[in-house]
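Summary of structural features
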Amino acid sequence: MKHTDLIKEQFNKQSATFGTMTGHYEALDLIIKLSQTTANDTVLDVACGPGIVACAFAKKAAHVHGIDLVPAMIERAKESQKNQDLTNMSWEIDNVDPLPYPHCTYSIVVSRFAFHHFTDPRAVLNEMTRVVKWEGRVVVVDVMMSSQPQAQLYDHMEKLRDPSHTHALTSNELQNMFSEAGLNLVEEHKYRMEVDVEELLKATLTPPKEAEEFRKIVKADIGYNRLDINALMSDDKLKFSFPIVIMVGIKQTPENYGLSCCG
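Residues numbered from 1 in each chain as written. Predicted model: local features only at pLDDT ≥ 70, side-chain atom pairs only at ≥ 80, totals over all residues. Heavy atoms only, no water.

1. Looking at the overall build of the protein chain
In plain terms, the rule: The helix count covers DSSP runs of H or I at least four residues long, the strand count covers runs of E at least two residues long, and both are numbered beginning at the N terminus. Radius of gyration means the value over C-alpha atoms here, while the globule rule gives 2.2 Å times the residue count to the 0.38 power. Working rule for contacts: check all heavy atoms of both residues, and any pair within 4.5 Å makes them a contact. For the area figures, the Shrake-Rupley method with a 1.4 Å probe applies, and any residue is considered shielded solely by the protein chains shown.
Each helix and strand counted, the protein chain has 10 helices and 8 strands in total. By the compact-globule yardstick of 18 Å for 263 residues, the protein chain fits well, its C-alpha radius of gyration being 18 Å. On the principal axes, the C-alpha backbone points of the protein chain span a range of 60 × 40 × 35 Å. Across the protein chain, every contact between residues at least 6 apart in sequence was considered, and the portion connecting residues at least 24 apart equals 75%. When the accessible surface of the protein chain is summed, it comes to about 12000 Å², and 50% of that surface belongs to carbon and sulfur atoms.

Right under this line is the structure:
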């Protein structure tokens, strides 16, 4: 099965439950603040899912466009837009590599909780940079690991509950991608999103066998934190926290590329 088909399968299945956990709504104000969003901005949300981030930006920006591969997610996004009475939004079902937009179209391009699903995150970041305006902002929000051994352990755990997971990037990997894309990194803000394991497994519709293995891995990390997930038992509930990073880069001016205009 192609990876894009796997993503469609997983997130069409999860479309009714994805985003129901409160953690999905944490840090939205912080993301918008670090993006320096104004009423003049046009925003692209890459792999927008059910539109949580896009709708938050739409309350501040002039216009927000969301693109996602999964039709069921776009339907959820449209429902969310309608429920919040937001009129400055549009949606599209398509791949994000390549992005179907001209150079220098948007002033902010954002992607949240999607890079660990991409088979080639570097190519997606290059596309995000291509379609953002000169001196526009590219924002990536995702899980971040501190080393490759840690990422390998984490990847094994995550693939149990979500086979479309590819790789949790390390800080060095993300920083290098930003630099190679021609982005000046201006923000790198870390935060944690705590989850209840049973709520998480229910929301992602994880099969029983994989769910039990996932629980064992999380429990085994209590007191060791090899995965940097701060696993613990609290009120008889197994919990852990995703280590998240918000990275913001500014697209260098044409002169830095030896160009006089977009091309």
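2. Description of the state of the cysteines
The line we're drawing: Cysteine sulfur atoms that come within 2.5 Å of each other are treated as a disulfide pair.
Evaluated as defined, the whole model comprises 0 disulfides. Left unpaired, Cys48 is separated from the closest cysteine sulfur, that of Cys55, by 9.1 Å.

3. Considerations on the pairing of strand 4 (residues 106-112)
Put simply, the rule reads: The cut-offs for exposure are 20% and 50% of the maximum accessible area for each residue type, with area from a 1.4 Å probe on protein chains only; residues under the lower value are buried, those over the upper are exposed, and the others partly exposed. Two strands qualify as a pair provided that DSSP identifies no fewer than 2 bridges between them. Crossovers are marked right-handed if the path from the first strand over the helix to the second runs clockwise, as seen with the strands pointing away from the viewer.
With respect to burial, strand 4 is a largely interior element, 7 of its 7 residues being buried. Both strand 4 and strand 5 (residues 132-143) contribute to a ladder of 6 bridges, which runs parallel. Across the sheet, the residue bridging to Ser111 is Val140, located in strand 5. Where the polypeptide runs from strand 4 across helix 5 (residues 121-131) and back to strand 5, its parallel neighbour, the crossover connection is right-handed.

4. Looking at the environment of Arg130
Our working rule: What qualifies as a polar contact is a pair of N or O atoms within 3.5 Å, subject to a donor-acceptor requirement within protein and to the restriction that residues adjacent in sequence count only when both atoms come from side chains.
Along the chain, the position of Arg130 falls in helix 5. Taking the C-alpha atoms as reference points, Arg130 and Lys202, separated by 72 residues in sequence, lie 38 Å from one another. Look past the residues within four positions of Arg130 in its chain and what remains in contact with it is Leu99, Tyr101, Pro102, His103, Cys104 and Lys251. Of note is the side chain of Arg130, whose polar atom sits 2.9 Å from the backbone oxygen of Leu99. Reaching out from Arg130, the side chain makes a polar contact with the backbone oxygen of Tyr101 at a distance of 2.8 Å.

5. Some thoughts on helix 5
Counting buried positions along helix 5 gives 9 out of 11 residues, so the element sits mostly inside the fold. Within helix 5 the residues assigned to the buried category are Pro121, Ala123, Val124, Leu125, Glu127, Met128, Thr129, Arg130 and Val131.

6. Let's talk about the pattern of salt bridges
In plain terms, the rule: Any Lys or Arg side-chain nitrogen located within 4 Å of an Asp or Glu carboxyl oxygen qualifies as a salt bridge.
One pass over the full model with this rule turns up 8 salt bridges. The closest approach of N and O atoms between Glu212 and Arg215, which form a salt bridge, is 3.0 Å. Of the two residues, Glu212 and Arg215 are both situated in helix 9 (residues 208-220); the distance of 3 residues between them amounts to about one turn of the helix. Exposure remark for Glu212: the relative accessible area of 36% places this residue in the partly exposed category. Under the relative-accessibility criterion, Arg215 is labelled buried at 19%. Through salt bridges with shared partners, a single ionic network connects Glu198, Glu212 and Arg215.

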